[in-house]
Every structure is written in structure tokens, then in C-alpha cells.
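Per-entry structural report
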Amino acid sequence: MKRIKIILSFSVMFFFAFSYWALNAQEKNVNSKDMLLKETIYNQNRVKVLNFSLKQFDALFFEFSDKKSNPDLVLTKEEFYKYTIQIAIFSDRLAALYPDQKEIAAENKKKWFAENYEDYLLSKASQKK
């Protein structure tokens, strides 16, 4: 009987320890200080961007690429996030147009939403060197 209690107590402790490790191993959604700004820009631009044509999106994307690669121009935080969030929103449109590409569109949206202004500033500093 004593042996069963010991086995049972170790099993329970193992279960809770494993559950704790499993929860901690999951991807954590870190709220960055810019998340509120990103969500505001997302809400302001969602409807407009969902109605973009591919030509309008291409113009937006290439405008952002040109500004990002120009070493003499530094975008403000709002400008930077406006571009990245609009590109992320367009992924929703692509997912709606091409249902077989939903996973790729979701990954692209996640990638563009994760863009960070501080990383952009660091890349700008390295461009000038």
C-alpha cells in the first residue's frame, strides 16, 4: 500500500511538472510597447487595405522598400508601422482570394506584424557606416 502511494504521488508530481514545462514551452505572445500603436493602425487601415488591388499593393510595397533602403531617409515610428501593418493586412485579402494559401498568408501577416521599429533603426545605422 505504501508503495502504491509513493508511485501515485510521484506520478502526480510528474504530471504537474510536465504540464508546467509544456505551458512554458509554448510560444509566448509578448506585448511590445508598440502593440497599441500597431493595433490602432490596423483598425484604421483594415477596410481600406482589404479593398486594395494588386497594383495598389505593389505600389505600397515598393514605396516602402524604396524608403527603407534609402540611407538618407529615416521613417518615423508611425510611418514605419503604417507600411508594415498595411502589408500585413493585405495578407488577409490574399487569404480570402486564395484559400489554398491561407497558411502562407497567415505566416506573412505574422511576420509583418512582428516587424520592430528599433530593428529598423539599427539597420539604418548600419547602412550609414
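Look up a bit, the structure's there.
I will try to describe carefully the structure that is included in this document.

What follows covers the overall build of the protein chain. Helix and strand counts for the protein chain come out as 6 helices and 0 strands. Listing each helix as α and each strand as β along the protein chain from the N terminus yields α-α-α-α-α-α. Every one of the 129 residues in the protein chain was classed for burial, and the buried ones make up 24%. Here the contacts in the protein chain between residues at least 6 apart in sequence split such that 82% fall between residues at least 24 apart. Of the roughly 9700 Å² of accessible surface on the protein chain, a fraction of 61% belongs to carbon and sulfur atoms.

Attention now moves to the nonpolar core. Ranked by size, the top nonpolar core spans 21 residues in total, and within it Leu 60, Phe 64, Leu 75, Phe 80, Ile 85, Ile 87 and Phe 113 carry the most contacts. At the level of secondary structure, the elements contributing two or more residues to this core comprise helix H2 (35-50), helix H3 (54-69), helix H4 (77-97), helix H5 (102-113) and helix H6 (117-128). Ranked by residues supplied to this core, first place goes to H4 with 8 residues.

Cut-off values and rules
- Residues numbered from 1 in each chain as written.
- Predicted model: local features only at pLDDT ≥ 70, side-chain atom pairs only at ≥ 80, totals over all residues.
- Heavy atoms only, no water.
- Helix = DSSP H or I, 4+ residues; strand = E, 2+ residues; numbered from the N terminus.
- Buried < 20%, exposed > 50% of the residue type's maximum accessible area, 1.4 Å probe, protein only.
- Contact = heavy atoms within 4.5 Å.
- Areas by Shrake-Rupley, 256 points an atom, 1.4 Å probe, with all protein chains shown as cover.
- Core = buried A, V, L, I, M, F, W, Y, C linked by side-chain atoms within 4.5 Å.

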